[in-house]
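Residue-level structural notes
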Amino acid sequence: MSKHAITPKEIQAAADALAEDIVRTSCSFSRTLSTITGVSIFIKSEIEQFTASFKERGALNKLRGLSAAAAKRGVVAMSAGNHALALAYHARRLHIPATLVMPLATPTVKAEDTRRFGATVVLKGQSLSDAAAHARELENELGLTFVHPYDDLDVIRGQGTIAIEMLDQQKDLEILVVPIGGGGLIAGMAIAAKSINPSIRIIGVEAERYASMKQALAGEPIVCGSSTLAEGIAVKEPGAFTLPIVRDLVDEIQLVTEEHLERAMLMLLEIEKTVVEGAGAAGLAAVLAHPATYANKRTGIVLTGGNVDLMPLAFIMHRGLVRAGRLVRLRVSVPDRPGALHQVTRCLDRTNVNIVEVYHQRAFSGLPLQTTQIEFVLLTHGRAHLDELLAVLRHEGYEPEIL
């Protein structure tokens, strides 16, 4: 590992230097998730940091290394959100001016919180690459110090401190599952973890739509999608420092779909009572998508961030309920006569199904005259409960249709 630009001793030094200003986050066993998945899951909850993400470690380590002159002039960075929050928060604590350039699609909560920490926020470009180009322009124009969110040695050293904590808190972990954007987090963690336990497996996770690190390691052209729920790891270009470290020390990179990310976010919300953003849920999504890799293994998952807008979270919750058969849209055709609606709702009442919405359709259908359609949006306890309702409706002569 000495061939890399970062050593385990430097990461340990960063851990010592940051100890008083960074939360030593919990790393605890999740009994319910472990039972559901068949994997011994230990959750490292970086959302316990003040800005709700691991990015504070690298940002503060970088800021503490600035010269007095550089600190006085200030820093500039591009960020999809969490790096901006972390840099703004600790820059204010250290009285360092900070300018953050964020893509136009950055979640509102992240941009507004960054401003509240006293930083100058510039929304520019459609992607992180566009924001980076503008940040570099400001660096040259104003003489600011550019703080890269992942391809910076001090930032990587700071992020690596997570692995030191995890393996101190849970000494017999066999696998660490780490989200990958540009690679700063996994590079630092891999160096630290492999120095402590050379046999530990380091598995990186990328969104299927942004598999840039996996593609780069395979020597393939980097082709990314237009969007992903895991916008925090939606990076098109791996770091120059991080790529060789990942190549040497990371055992495997797994891809997860948007559906797996949604399912992981919903499980963390329902089971752990924890709000986690898409990138933050990538580790659990990997366990759900690739269960054979982790079966019966003591697996450490990093919940990297919890900053998510409420609207996407609401959509994820509703879609999760639909997938589980707990939120259902049902259509029933009935005779168009008084009492017909009452007869159908009696079936719902018998099965204790909750009605959310009712839509009575006469004109916009191809049904014969004197027949109408009723559409219900219903809440059930799950698929078994839904099957019970369908059976009752069919027994009463109806032909229910799930929409």
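Our subject in this report is the structure included herewith. Position labels on residues start from 1 in each chain and follow its written sequence. Where totals are concerned, whole chains, interfaces and linings use all residues; where local detail is concerned, this predicted model gives features only for residues with pLDDT of at least 70, and gives and counts side-chain atom pairs only at 80 or more. Side-chain measures here rest on the full set of heavy atoms in the structure, leaving out hydrogens and waters.

Considerations on the packing of helix H16 (residues 340-350) against helix H17 (residues 383-395)
Helix-helix packing is characterised by the crossing angle of the two axes and by the distance between the axes. As a rule, the C-alpha atoms of each element are fitted with a line to give its axis, helices using only the stretch in contact, and angles between N-to-C directions run from 0 to 180 degrees. Secondary structure elements follow DSSP: runs of H or I of four or more residues count as helices, runs of E of two or more count as strands, with numbering from the N terminus. Orientation of H16 relative to H17, taken along the N-to-C sense of each, is 145 degrees, at an axis distance of 9 Å. Our pair here, H16 against H17, has a crossing hand that is right-handed. Counting all contacts with H16, which are made through Val-344, Cys-347, Leu-348 and Arg-350, the residues of H17 involved are Leu-389, Val-392 and Leu-393. By the convention adopted, Pro, Cys, Tyr, Trp, Phe, Met, Ile, Leu, Val and Ala count as nonpolar, Lys, Arg, Asp and Glu as charged, and the other residues, Gly among them, as polar. Grouping the amino acids of the contact of H16 with H17 by side-chain chemistry returns six nonpolar, no polar and one charged. Note on convention: the crossing is left-handed when the near helix lies turned anticlockwise from the far helix by less than a right angle, right-handed when the turn is clockwise. Residues are treated as being in contact if the distance between any of their heavy atoms lies within 4.5 Å.

Examining the packing of aromatic side chains
For Phe, Tyr and Trp, rings pair up if their centres lie within 6.5 Å, where Trp contributes its six-membered ring, and each pair is then called stacked (planes under 30 degrees apart), edge-to-face (over 60) or tilted (otherwise). Throughout the structure, instances matching the rule amount to four aromatic pairs. Look at Phe-50 and Tyr-89: their rings are 4.6 Å apart centre to centre, the planes differ by 25 degrees, and that puts the pair in the stacked class. Of this pair, Phe-50 sits in the loop between strand S2 (40-45) and helix H3 (55-64) while Tyr-89 sits in helix H5 (residues 82-93); the two residues are 39 residues apart in sequence, bridging distant segments of the chain. Between buried and exposed lies partly exposed: a residue is buried under 20% and exposed over 50% of the maximum accessible area for its type, with that area taken using a 1.4 Å probe on protein chains only. Taking relative accessible area as the criterion, Phe-50 reaches 54% and is therefore assigned exposed. On the accessibility criterion, Tyr-89 (15% relative accessible area) is buried.

What to know about the sheet that holds strand S13 (residues 371-379)
Within the open sheet, the four strands sit side by side as S12-S13-S11-S14. Their pairing is antiparallel. If you trace the sheet from one side to the other, it starts and ends with strand S12 (354-361) and strand S14 (401-402), each paired once. Following DSSP output, two strands are said to pair if at least two bridges run between them. As judged from the nine bridges shared by strand S11 (residues 327-335) and S13, these two strands associate in the antiparallel manner. Each bridged residue has a counterpart across the sheet, and for Arg-329 the counterpart in S13 is Val-377. Lying over the sheet, H16 contacts S11, S12 and S13, oriented at roughly 30 degrees with respect to S13.

Let's talk about the sheet that holds strand S5 (residues 120-123)
Read from one edge of the open sheet, four strands run S5-S4-S3-S6, paired in parallel fashion. The open sheet is flanked by S5 and strand S6 (145-146), the only strands paired with a single partner. Here four bridges tie strand S3 (residues 75-78) to strand S4 (residues 98-102), and the two strands are oriented parallel to one another. Bridge pairing in S4 places Val-76 opposite Thr-99.

Digging into the nonpolar core
Counting residues in hydrophobic clusters, the biggest one holds 35 residues, and the most contacted among them are Met-166, Leu-176, Met-189 and Ile-202. Within the residue set of this core, elements represented by two or more residues are helix H1 (8-18), helix H8 (153-169), strand S7 (175-179), helix H9 (184-196), helix H10 (212-217) and helix H11 (242-249). Here this core takes eight residues from H9, the largest share from any one element. In this structure Met-166 touches Cys-27, Lys-44, Leu-173, Leu-176, Met-189, Gly-300, Ile-301 and Val-302, once residues within four positions along its chain are discounted. The next biggest cluster of nonpolar side chains, apart from the first, holds 33 residues, and it includes Ala-264, Met-267, Ile-301 and Leu-303. Take the buried Ala, Val, Leu, Ile, Met, Phe, Trp, Tyr and Cys residues and link them wherever side-chain atoms come within 4.5 Å; each set so joined is a nonpolar core.

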